[in-house]
Amino acid sequence: MKKILFVLLCLLFTGCSNNKNVDDNNVTISNPIIEVNSKEELEDIVGYSVPLLDKEVENFYVIKDIKHVRIYYKDDSVFEMAKGNDDISGIYGAILEKEEKINNINVKYYTYNIINYIIWTSNGYSYSYMDNKELNVNEVKELVR
């Protein structure tokens, strides 16, 4: 699931990138998605603090041009964060299952096929957390601050 989402995200942002370097008749488009090695490196690039769940991370990615963070965990869950107040999940056509307040923040729970995910906004940032299993209530409460 996460590899398909990553490929789709790469295709989306590669096609929308303005980073075209022209050399003679050749056009190259740089990949705006970069993999980083740590939370600290990720935060240095985006310039803001990123929450991290207490579980093993598989990969850290950032879409450098728009400072969009994506963290893949070893259990196949995915966390995203970006500046703004938009739905950054990249999933459209999902079913809103419920809304609730956590730490005085409105959280929306969605399902789409086998994917369960939540979205919320807080202090000028948008968040998304998804899993193909039932969402862990403690992890949700840990992220939503």
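Above this text you will find the structure in question.
Residues numbered from 1 in each chain as written. Predicted model: local features only at pLDDT ≥ 70, side-chain atom pairs only at ≥ 80, totals over all residues. Heavy atoms only, no water.

S.K.: Just to check I follow, could you spell out the environment of Ala82 for this structure?
M.R.: Along the chain, the position of Ala82 falls in strand S6 (residues 78-83). For the pair formed by Ala82 and Val69, sequence separation is 13 residues and the distance between their alpha carbons is 6.2 Å. (Helix = DSSP H or I, 4+ residues; strand = E, 2+ residues; numbered from the N terminus.)

S.K.: I'm lost on the pairing of strand S4 (residues 57-63) in this one. Help?
M.R.: Here is the key point about a regular strand: its side chains alternate between the two faces of the sheet. Judged by how many residues are buried, S4 sits mostly within the fold: six of seven residues are covered. Bridging between strand S3 (residues 33-36) and S4 involves four bridges; their strand directions are antiparallel. In the strand pairing of S4, Ile34 is matched with Val62. Between S4 and strand S5 (residues 68-73), which follow one another and run antiparallel, lie four residues, and Lys67 among them has a positive phi close to 55°. (Buried < 20%, exposed > 50% of the residue type's maximum accessible area, 1.4 Å probe, protein only. Pairing = 2+ DSSP bridges.)

S.K.: Would you take a moment to explain the nonpolar core for this structure?
M.R.: Within soluble globular proteins, side chains that are nonpolar tend to cluster in buried spots. Among the nonpolar cores identified, the biggest contains 27 residues, and Val50, Ile71, Phe79, Ile118 and Trp120 are the most heavily contacted of them. Broken down by secondary-structure element, the contributors of at least two residues to this core are helix H2 (39-46), S4, S5, S6, strand S8 (105-112), strand S9 (115-122), strand S10 (125-131) and helix H3 (137-143). With near-sequence residues (within four places) excluded, Trp120 lies in contact with Phe79, Ile105, Asn106, Val107, Tyr125, Ser126, Tyr127, Ser128, Tyr129, Leu143 and Val144. Counting residues in each nonpolar core, the second largest holds eleven residues, with Ile63, Ile91, Ile115 and Met130 among its members. (Core = buried A, V, L, I, M, F, W, Y, C linked by side-chain atoms within 4.5 Å. Contact = heavy atoms within 4.5 Å.)

S.K.: Help me understand the sheet that holds S8, please; the structure alone is not making it clear to me.
M.R.: Sheets are built from strands that pair by backbone hydrogen bonding, the pairs being arranged parallel or antiparallel. Reading across the sheet, the eight strands line up as S3-S4-S5-S6-S10-S9-S8-S7 and stay open at both edges, with antiparallel pairing between neighbours. Pairing within the sheet leaves two strands with one partner each, and these edge strands are S3 and strand S7 (95-102). Adjacent strand axes in the sheet meet at a mean angle of 20° when their direction is disregarded. (Axes fitted to C-alpha atoms, helices over the stretch in contact; angles between N-to-C directions.)

S.K.: How should the layout of surface pockets be read in this particular structure?
M.R.: Gaps between atoms show up when a probe of the same size as a water molecule is rolled over them. Put simply, the second largest pocket is a space of about 240 Å³. Elements that contribute at least two residues to the lining of the second largest pocket include exactly S7, S8, S9 and H3. In terms of residues, the lining of the second largest pocket owes the most to one element, S7, which gives four residues. Taken together, the residues of the lining of the second largest pocket break down into seven nonpolar, two polar and five charged. (1 Å grid on protein atoms, 1.4 Å probe; cavity = no way out; pocket = protein on both sides within 12 Å on 5 of 7 lines; lining within 4 Å. Points joined across faces, edges and corners; volume = space filled by probe spheres on them. Nonpolar A, V, L, I, M, F, W, Y, C, P; charged D, E, K, R; others polar.)

S.K.: Mind showing me how you'd approach the packing of aromatic side chains here?
M.R.: Geometrically, a pair of aromatic rings is defined through the distance of the ring centres and the angle of the planes. Under the counting rule described, the total for this entry stands at five aromatic pairs. Each ring, one from Tyr48 and one from Tyr125, has its centre 4.8 Å from the other, and the planes form 55°; the classification is tilted. Remark: Tyr125 occurs in strand S10 and Tyr48 occurs in the loop between H2 and S4; sequence separation between them is 77 residues. For the pair Tyr48 and Tyr125, one class covers both residues: buried. When the centroid spacing of 5.7 Å and the interplanar angle of 90° are considered together, the rings of Tyr61 and Tyr72 count as edge-to-face. Residue Tyr61 is located in strand S4, and its partner Tyr72 is located in strand S5; the two are separated by eleven residues in the primary sequence. In this structure Tyr61 comes out as buried when scored by relative accessible area, which is 13%. Assessed through its relative accessible area of 3%, Tyr72 is described here as buried. Among the aromatic residues, ring-to-ring pairing joins Phe79, Trp120 and Tyr127 into one connected group. (Phe/Tyr/Trp six-rings, centres within 6.5 Å; stacked < 30°, edge-to-face > 60°.)

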